[in-house]
Structures are given as structure tokens and as C-alpha cells.
Amino acid sequence: MSSLTAYPELVRELGADPEPFLQRVHASEAMINDPKQMLPYVSLIDLMECSAEELDCPDFGLKLSNKQSVNILGPLAIIARNEVNAYSAVTKIGQYMGYYSPAIRLHIDNPANGQSAELGFNLEIASRPDRRQIIELSLGVAFQTMKMLTRPDFHPQRVVFSHPRGLPMRQYRNYFGCPVEFNADRDALVISSEDMLHPIDGADSGIRTMMENFVSEAINANSLSFSDVVKDLIIKLLPVQRCTISMVSKYLAVSERTLQRRLKNEDMVFENLVDDVRKDLAWDYLTGQKMRMSQLTALLGYTEQSSFNRACQRWFRRSPLKVRAEATADADHKVTG
């Protein structure tokens, strides 16, 4: 949830309490700096749009980008700051961007032969007409990142947005310091080859190599198949009664059709995966943990005890109480035996 860095601060500056806004997307201020917390990208889009509208702040995304930088990417920011030049740095960010958010793809032109290069963003989610704030935040952060990697007075040659103009043109020109175009077929900063190839002061190849090894090892250690990622989300969402294909799709920033297609590529079906997860958890809970049946039922995402009872009959050919009684008897036998 590092994308919300400085969000509470900005909302307070605009005279409001950030918690009610965050609660709408099932988040809280305490969750923002917790790397284990996730927020569906579509929820981030909705949060940005409702914040801009209800706080009467049409430049909310640009304002928030002024408070952020590449540092929201954690270890990857250290790698970028220790690359040889700005092009190498943003290329490395693009290489690892999917690890931080599957919804974002960077594209970076090679600034060869003195040509201008583009640093652009694609949002790999179902098309949404109301995403101006998140796009302006993203390109604003890219702008701040290039300032950090090159020089404080850096400005792009041009900025292009796919959405219509939402602010007076002077506000965009004052922010980016260059011409700004709208209704384009992409969202990008157009940057001179001189700036792209600008050496990064104080770059340390040793630190870069050490941090790249750290990030690579972390990615490899957490390398999961798509179905494993979905399974992990199912486990997290079952106890809060939000484990639907719609909600899982939102967390992964893909359409429901894409989610089903990618699971099918691994010979999986979403509904079967949910059922398998519930079965495994039910066995663990019934045989290894002494909790109330109502609590156990809720943890598995059921709203009715009868639904859980029927599932147990289907899985284990006996009731939940019978499964628990047999497990207790087996444990007692082992102790006395």
C-alpha cells in the first residue's frame, strides 16, 4: 500500500479526516506502511477519484505526487539510485514493476542516436473512464523520480495524457514545466536523450549489486504460480466474507475472464480452488484447533452453519462434530497408548 504514502497528510491539509475515506476501501492509516497489506488497484483508483471530488481538489493526484518519489518502491529505489544513468535506473524499475504491482507496466524507449525517449505507463486493468487522478499521480511520481535521478531543475520535453484535460492548462505547464497534450493514445513523459543518459551522481555499483541480489532472492523465494497467488488471496479473504471471484480479480487487477483463463492454463477453476482451500482449512481447524463451531464456520467464509455441515458431508462423508470427535479420540488413544 505504499502508493498511499503521504495520502493521510494531504487529506488533512485539505481539512478532512483521512480515515473515513480509507475505510471505504477497507483500509486504514496504520496499514499504509505495512508491506504485507494489499489494496486492489481498482480500489486505489476509486479512492483517488472520490478524494478529489469530495475534497473539491481536482489536482489531487498531482498534489500527492509532489509528496512522493521513487522511494515508495523500497529496495528498488536503492537500485535505481545506484545505476549508471537515468535510463538504466528507469529500465530497472520497469523490470521489477510487476513485482510491486501487477496492474502497472512501464515502457521505456532506448535513447539511442540522440533521439527523445518516452517513459510511459500502461494500466493492465479493465478500462475505467474515471482514472484521471491515478494517471496524473503516476506520471507526477515519474517526473519527481527523474528529478531525483538527474537534476532538480529537470523538465520533460513534453507530457502526453490519454484522458481529456481536467485542469486549466497553466496548472499542468506550471507543474511539469513543458507542453502538455491530452486525448492521446498513451500516458507518457517525453524525455531528451541527454537527460535519459544523465550520469547518476554518487552511484555505487557495489550497493546496487547487493540490493539486486536481495530483490532477486526475495522474488525467487516468493515465486508462486498464478493459482498459488489466487489461493493465498482466498485464504486471506475467506474470514472477512469477501472471497468472490470479483474481489479476487480486483486484488490482482485483472478481469474476471482473465483470471479464469489464467487458472484454466494451470488446469484450475476458481470455484474448485475455493472449495479445496476450504476443505484443507476445515480439516486443520477441526482436527487441530479447539474453537467454537460458529467461529470455525465464519473463518471458512460461510454465513450459515448448515452450509458448512453440508460441505463437510461432501468432503469427509461425516459431520463436522463427527470429524472433531474422531480426531479427539485418536489423539487420546495415542496419549494413553
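Quantities reported herein were computed from a predicted structural model and do not represent experimental measurements.

S.K.: Please clarify how the overall build of the chain should be interpreted in this entry.
M.R.: A count of helices and strands for the chain gives 17 helices and 5 strands. Counting only C-alpha atoms, the chain reaches 80 × 45 × 35 Å along its principal axes. Looking at the chain as a whole, 46% of its 337 residues qualify as buried. Taking the intrachain contacts of the chain between residues at least 6 apart in sequence as the baseline, contacts between residues at least 24 apart amount to 62%. When the accessible surface of the chain is split by element, carbon and sulfur atoms take 49% of a total near 17100 Å². In the chain, 38 side chains carry a positive charge and 42 a negative one; their mean positions are 5 Å apart.

S.K.: Can you walk me through the side chain of Glu118 in this structure?
M.R.: By secondary structure assignment, the location of Glu118 is in strand β2 (residues 117–123). On the basis of relative accessible area, Glu118 is assigned to the buried category, the value being 14%. Those residues in contact with Glu118 that sit more than four places away from it in its chain are His107, Ile108, Asp109, Arg186, Ala188, Leu189 and Val190.

S.K.: Help me out: how do you make sense of the nonpolar core in this one?
M.R.: Side chains that are nonpolar tend, in soluble globular proteins, to be buried together. Core analysis: the largest hydrophobic core is formed by 70 residues, its most contacted members being Leu4, Phe60, Ile134, Phe161 and Phe176. For Phe176, the residues in contact, after removing those within four places along its chain, are Leu62, Leu139, Gly140, Phe143, His155, Pro156, Val159, Phe161 and Leu189. If you look at the next biggest cluster of nonpolar residues, it comprises 34 residues, including Val230, Ile234, Leu281 and Met293.

S.K.: Would you take a moment to explain helix α16 (residues 305–316) for this structure?
M.R.: Since the α-helix turns once every 3.6 residues, residues separated by three or four places project in the same direction. Taking 1.5 Å as the rise per residue, α16 with 12 residues should run 16 Å; its terminal C-alpha atoms sit 16 Å apart, in good agreement. Within α16 the residues assigned to the buried category are Phe308, Ala311, Cys312, Trp315 and Phe316. Looking straight down α16, one finds that the buried residues subtend no more than 105° of arc, so they occupy a single side. Count one or two residues on from α16 and you reach Arg317, which has phi positive near 65°.

S.K.: Honestly, the pattern of salt bridges in this entry has me stumped. Any pointers?
M.R.: Oppositely charged side chains may form a pair once their charged atoms are brought near each other. The tally for this structure, following the rule as stated, stands at 15 salt bridges. The closest approach of N and O atoms between Arg24 and Glu54, which form a salt bridge, is 2.6 Å. Here Arg24, found in helix α2 (residues 18–24), pairs with Glu54, found in helix α3 (residues 41–54); they are 30 residues apart in sequence, far enough to count as distant. Between Arg318 and Glu326 there is a salt bridge, with its nearest N and O atoms 2.8 Å apart. It is possible to trace a salt-bridge network through shared partners that takes in Glu9, Glu13 and Lys67.

S.K.: Would you take a moment to explain the packing of aromatic side chains for this structure?
M.R.: The relation between two aromatic rings is expressed through the spacing of the ring centres and the mutual angle of the planes. The final tally for this structure, using the stated rule, is 12 aromatic pairs. Chaining the aromatic ring pairs together yields one cluster made of Phe143, Phe154, Phe161, Tyr172, Tyr175, Phe176 and Phe182.

S.K.: Just checking my understanding: could you explain the pairing of strand β5 (residues 187–191) for this structure?
M.R.: β5 sits mainly inside the fold: 5 of its 5 residues count as buried. Burial along β5 is two-sided: Asp187, Leu189 and Ile191 facing one way and Ala188 and Val190 facing the other are all buried. Direction of pairing for β2 relative to β5: antiparallel, over a ladder of 5 bridges. When the bridges of β5 are listed, Ala117 appears paired with Ile191.

S.K.: What exactly am I supposed to notice about the sheet that holds strand β3 (residues 158–160) here?
M.R.: Neighbouring strands of a sheet are bound in pairs by backbone hydrogen bonds; such pairs are parallel or else antiparallel. Within the open sheet, the 5 strands sit side by side as β1-β2-β5-β3-β4. Their pairing is mixed. Strands at the two margins of the open sheet, each flanked by one partner only, are β1 (104–108) and β4 (180–181). As paired strands, β3 and β4 are joined by 2 bridges and run parallel to one another. For Val160, the partnering residue across the bridge sits in β4 and is Glu181.

S.K.: How do you make sense of the confidence of the model for the chain when you look at a structure like this?
M.R.: Where the model shows low pLDDT, its predicted coordinates should not be examined in detail. When pLDDT is averaged along the chain, the result is 87, and 91% of the positions lie at 70 or above. Looking at the elements of the chain, mean pLDDT is at its lowest for helix α10 (residues 205–221), recorded as 76, and at its highest for β4, recorded as 98.

S.K.: Just checking my understanding: could you explain the packing of helix α11 (residues 226–237) against helix α14 (residues 270–288) for this structure?
M.R.: Angle between the axes and distance between the axes: these two values describe a pair of packed helices. At a minimum axis separation of 10 Å, α11 and α14 run at an interaxial angle of 55°. If you check the angle between α11 and α14, you find them oblique. Read as a crossing pair, α11 and α14 show a hand that is right-handed. Contact residues: α11 offers Ser227, Val230, Lys231, Ile234 and Ile235, while α14 offers Phe270, Leu273, Val274 and Val277. Classifying every residue of the contact of α11 with α14 gives 7 nonpolar, 1 polar and 1 charged.

The rules behind these values
Residues numbered from 1 in each chain as written. Predicted model: local features only at pLDDT ≥ 70, side-chain atom pairs only at ≥ 80, totals over all residues. Heavy atoms only, no water. Helix = DSSP H or I, 4+ residues; strand = E, 2+ residues; numbered from the N terminus. Buried < 20%, exposed > 50% of the residue type's maximum accessible area, 1.4 Å probe, protein only. Contact = heavy atoms within 4.5 Å. Areas by Shrake-Rupley, 256 points an atom, 1.4 Å probe, with all protein chains shown as cover. Lys, Arg positive; Asp, Glu negative; His and termini not counted. Charge placed at Lys NZ, Arg CZ, Asp CG, Glu CD. Core = buried A, V, L, I, M, F, W, Y, C linked by side-chain atoms within 4.5 Å. Expected span 1.5 Å × (residues − 1). Arc of directions from axis to C-beta. Salt bridge = Lys/Arg side-chain N within 4 Å of Asp/Glu carboxyl O. Phe/Tyr/Trp six-rings, centres within 6.5 Å; stacked < 30°, edge-to-face > 60°. Pairing = 2+ DSSP bridges. pLDDT = per-residue confidence, 0-100. Axes fitted to C-alpha atoms, helices over the stretch in contact; angles between N-to-C directions. Parallel < 35°, antiparallel > 145°, perpendicular 65-115°, else oblique. Left-handed = near helix turned anticlockwise from the far one by under 90°. Nonpolar A, V, L, I, M, F, W, Y, C, P; charged D, E, K, R; others polar.

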